[in-house]
Amino acid sequence: MSLQFRVLGSIAALLIVSLLAGAAMLSLHAHTLVALEVRTAFSGAVKSVSDTLRSDVEHTVTLRQVVASFQGQRHVRAALVNEKGKVIVQSNIAHISHPAPAWFARAMAPPLLTARIPIALPQYPCVVLLTSDPHSEIAEVWDHVRDAFVTMLLFCAATMTVVSLAVAAATRFLRRFNTGLMTISQGGYDTRLQVKGPPEFAELARRFNHMASQLAAFSRTNRQLYARLQSMQEEERAGIARDLHDEVGPYLFAIQVDAKAVDKIGTPEAQRLGQSIREAVGHIQR
């Protein structure tokens with residue numbers, strides 16, 4: 001597994017965990033906010049209806065007006081129900097232009113709140129039924145949660161992009177550095193790295209170039225020493241050759257003369273020895 005993959009994988013995992021944690025915190029806060037807003041609105045509605053109906057009510061017209069006052073509200077529905085359970089009139093919450101997704105609405109929905117306020121009309125006993133409806137609040141919270149999550153997602157994407165570019169730049173430098181080392185190991189001491197980028201990379205490039213310059217200088221010195229050694233060896237060989245020619249040559253010539261003298265003795269053994277001596281001298285001369 002490459003270093004680049006490890007670094008990017010670790011940062012991506014950390015960002016994903018942070019994103020999930022942020023989403024969980026947003027959901028928890030949204031759920032609490034929805035429950036608080038709905039409960040507060042419902043409590044206010046119950047108090048308002050109770051205060052309105054505290055006086056004696058003689059006909060259902062006033063009750064219809066009370067129910068109609070809830071038309072278009074965001075959090076509470078009101079209904080007037082007779083003694084037989086039939087709904088005489090009821091209100092509707094305000095139209096939701098952009099409702100939240102069903103899964104989000106189910107997750108954010110607080111417990112349903114209901115209140116029954118009985119009205120003892122002389123001939124029309126009935127009940128004002130109040131019911132909480134969180135859909136408007138959930139839709140509003142969904143907009144905020146969605147925008148916050150998208151912002152976090154864009155931040156994570158921007159972070160990954162910046163980190164990827166930084167890691168890519170670092171790995172490019174490391175590849176150039178590795179290529180430079182391979183070139184130097186093959187004798188290319190003229191290799192140099194560009195001194196640019198972050199201070200750490202620039203300093204590393206300067207030290208690499210200094211090392212390459214030192215190696216190039218050592219290489220030139222070694223070549224000069226080798227050439228001098230070769231020259232000295234050639235001079236030594238020439239001196240040895242002169243010594244052999246000037247000092248050993250006359251002795252070999254004298255041995256050949258003596259071998260010829262031995263050969264003149266005339267006996268087969270003397271001739272054989274003379275011939276052998278001459279061949280050995282010829283070999284040494286060669």
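Structural data are supplied above this passage.
Because the structure is a prediction, the values reported are computed rather than measured.

Student: Mind laying out the sheet that holds strand β1 (residues 76–82), listing which residues take part and the relevant values?
Tutor: Reading across the sheet, the four strands line up as β2-β1-β4-β3 and stay open at both edges, with antiparallel pairing between neighbours. One side of each edge strand has no neighbouring strand; the edge strands of this open sheet are β2 (87–90) and β3 (114–119). In this sheet, adjacent strand axes meet at a mean angle of 20° when their direction is disregarded. In the sheet, β1 pairs with strand β4 (residues 126–132) via seven bridges, with the strands oriented antiparallel. Bridge assignment links A78 to a residue of β4, and that residue is L130. Lying on the sheet, helix α1 (residues 3–52) is in contact with β1, β3 and β4; it crosses β4 at an angle near 160°.

Student: So, helix α4 (residues 135–185): which residues are in play, and what are the values?
Tutor: Compared with the 75 Å implied by 1.5 Å per residue over 51 residues, the 72 Å span of α4 between its first and last C-alpha is a close match. Positioned one or two residues after α4, G187 has a phi angle of 100°, which is positive.

Student: Go over the nonpolar core with me, naming the residues and quoting the values.
Tutor: Ranked by size, the top nonpolar core spans 17 residues in total, and within it V49, L53, F70, V128 and L130 carry the most contacts. Those elements that place two or more of their residues in this core are α1, α2 (60–68), β1, β3 and β4. In this structure, V128 is in contact with V49, L53, L63, A79, L80, A115, R116, I117 and I119, ignoring residues within four places of it in sequence. Counting 11 residues, the second largest nonpolar core, distinct from the first, contains A30, A100, F104 and I138.

Student: Tell me about the pairing of β2, and name the residues and values.
Tutor: Alignment of β1 against β2, held across three bridges, turns out to be antiparallel. Residue pairing in the sheet places V81 in a bridge with V87 of β2. Where β1 folds back on β2, the antiparallel hairpin that results is connected by four residues, among which G85 adopts a positive phi of roughly 85°.

Student: Explain a positive patch on the surface to me, and be specific about the residues and the numbers.
Tutor: On the surface, R172, R175, R176 and K196 cluster together into a positively charged patch. Counting through the fold element by element, R176 comes out in helix α4.

Student: Account for a nonpolar patch on the surface, naming residues and giving values.
Tutor: On the surface, I240, L244 and V248 cluster together into a nonpolar patch covering about 240 Å² of accessible area. Tracing the backbone through its elements, the reader meets I240 in helix α5 (residues 199–263). In this structure I240 comes out as partly exposed when scored by relative accessible area, which is 45%.

Calculation rules
- Residues numbered from 1 in each chain as written.
- Predicted model: local features only at pLDDT ≥ 70, side-chain atom pairs only at ≥ 80, totals over all residues.
- Heavy atoms only, no water.
- Pairing = 2+ DSSP bridges.
- Helix = DSSP H or I, 4+ residues; strand = E, 2+ residues; numbered from the N terminus.
- Axes fitted to C-alpha atoms, helices over the stretch in contact; angles between N-to-C directions.
- Contact = heavy atoms within 4.5 Å.
- Expected span 1.5 Å × (residues − 1).
- Core = buried A, V, L, I, M, F, W, Y, C linked by side-chain atoms within 4.5 Å.
- Buried < 20%, exposed > 50% of the residue type's maximum accessible area, 1.4 Å probe, protein only.
- Patch = residues over 30% accessible without salt bridge, like charges linked within 9 Å, V, L, I, M, F, W, Y side chains within 5 Å.
- Areas by Shrake-Rupley, 256 points an atom, 1.4 Å probe, with all protein chains shown as cover.
- Salt bridge = Lys/Arg side-chain N within 4 Å of Asp/Glu carboxyl O.
- Lys, Arg positive; Asp, Glu negative; His and termini not counted.
- Charge placed at Lys NZ, Arg CZ, Asp CG, Glu CD.

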